[in-house]
Amino acid sequence: MIDKVTRRPVSDAESRVASRGWWDADADEYQDEHGAFLGDVDLVWCPEGLREAEAGLLGDVRGRRVLELGCGAASGSRWLQGAGAEVVALDLSAGMLRQARETSDRSGVRVPLVQADALALPFAAGSFDIVFTAFGAVPFVADSGAVMREVARVLRPGGPWVFSITHPMRWVFLDEPDERGLLAVNSYFDRRPYVEEDGSGTPTYVEQHRTLGDRIRELVAAGFRIRDLVEPEWPEGHEQIWGQWSPLRGRLFPGTAIFVCDNG
């Protein structure tokens, strides 16, 4: 139950507890609402509907060892396995990993699942050729720079790190899909996270905001070379609303930013 919504600093420990609790509790509802759009075996980067099959952001994955951070139901991992990759899917939430198992059983495509924290990846240095996430991990930790360093550690030199997040400019607006979401009311430079609290003041949901410049500095500091920044346009004929994403807003300004980077 949400008793209060605020913007305030939170620790990594608070973020971790909130994220695990939220996604454990919300996993079934989330999958019921979005599972058909995401597919059982597909890699969809964002609510705009950009698919890896069309975008090719990860390059040739055949024979590559791939890690998906914040995998959710792991539909992207299953798609990559079908494309010839050797994939490991990781998530903090037991509830989302249960959804991943159920979806694997339904689809008949199974990948190894690991429950772990993105700030402490349980893998040796240079274990993976590619690391990616579609809206996982990065927005939900207080120290996202530490996530970048962990990814750099487990990724081989030259390997791609590709991740999608809510476009930072969206934080200027209310989180509404209709006309209310067209009015700029927040400072782009206010980096305090969005926090939902229960009656005791304990965070139950935390989402972090960083500017585009912040993200670039995090990546450069971790040793990444930024190859592209993809801002998917809202496609014609796409009328589905997903939270704050809608045709009205999507045709005016970007809702997603996808960073395409190489390690070192």
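Values in this document were obtained by computation on a predicted structure and should not be read as measured data.

A. Structural context of the overall build of the protein chain. The helix and strand inventory of the protein chain stands at seven helices and ten strands. Rg of the C-alpha trace for the protein chain: 18 Å, near the compact-globule value of 18 Å for 264 residues, within the 12% margin. In terms of overall dimensions, the protein chain has C-alpha extents of about 45 × 40 × 35 Å along its principal axes. For the protein chain, with 264 residues in total, the buried portion stands at 52%. With the model as given, the accessible surface of the protein chain reaches about 11300 Å², and the carbon-plus-sulfur share is 53%.

B. Molecular detail of the sheet that holds strand β8 (residues 203–207). Strand order in the open sheet formed by three strands is β1-β7-β8, with antiparallel pairing between adjacent strands. In this open sheet, the two edge strands, each paired with only one partner strand, are β1 (4–7) and β8. If you compare each strand with its neighbour and ignore which way they point, the axes differ by 20° on average. Where β1 lies against strand β7 (residues 194–197), four bridges are found, and the strand directions are antiparallel. When the bridges of β7 are listed, T6 appears paired with V195. Its contacts with the sheet place helix α1 (residues 12–38) against β7 and β8, and it is angled at close to 100° to β8.

C. Fine view of the side chain of Q31. Structurally, Q31 can be placed in helix α1. A residue is classified by how much of its surface remains accessible, and Q31, at 10% relative accessible area, is buried. Filtering out sequence-adjacent residues up to four positions away, Q31 remains in contact with A73, M96, Q99 and T103.

D. Layout of the pattern of salt bridges. Across all of its chains, the model carries 25 salt bridges by this definition. In this structure, E176 and R180 form a salt bridge, with 3.2 Å as the shortest nitrogen-oxygen distance. Among the residues examined, R180 registers a relative accessible area of 48% and is labelled partly exposed. Linked through salt bridges whose partners overlap, the residues forming this network are R7, D190 and R192.

Conventions and cut-offs
- Residues numbered from 1 in each chain as written.
- Predicted model: local features only at pLDDT ≥ 70, side-chain atom pairs only at ≥ 80, totals over all residues.
- Heavy atoms only, no water.
- Helix = DSSP H or I, 4+ residues; strand = E, 2+ residues; numbered from the N terminus.
- Rg over C-alpha atoms; globule rule 2.2 N^0.38 Å.
- Buried < 20%, exposed > 50% of the residue type's maximum accessible area, 1.4 Å probe, protein only.
- Areas by Shrake-Rupley, 256 points an atom, 1.4 Å probe, with all protein chains shown as cover.
- Pairing = 2+ DSSP bridges.
- Axes fitted to C-alpha atoms, helices over the stretch in contact; angles between N-to-C directions.
- Contact = heavy atoms within 4.5 Å.
- Salt bridge = Lys/Arg side-chain N within 4 Å of Asp/Glu carboxyl O.

This is a description of form; function is not addressed.
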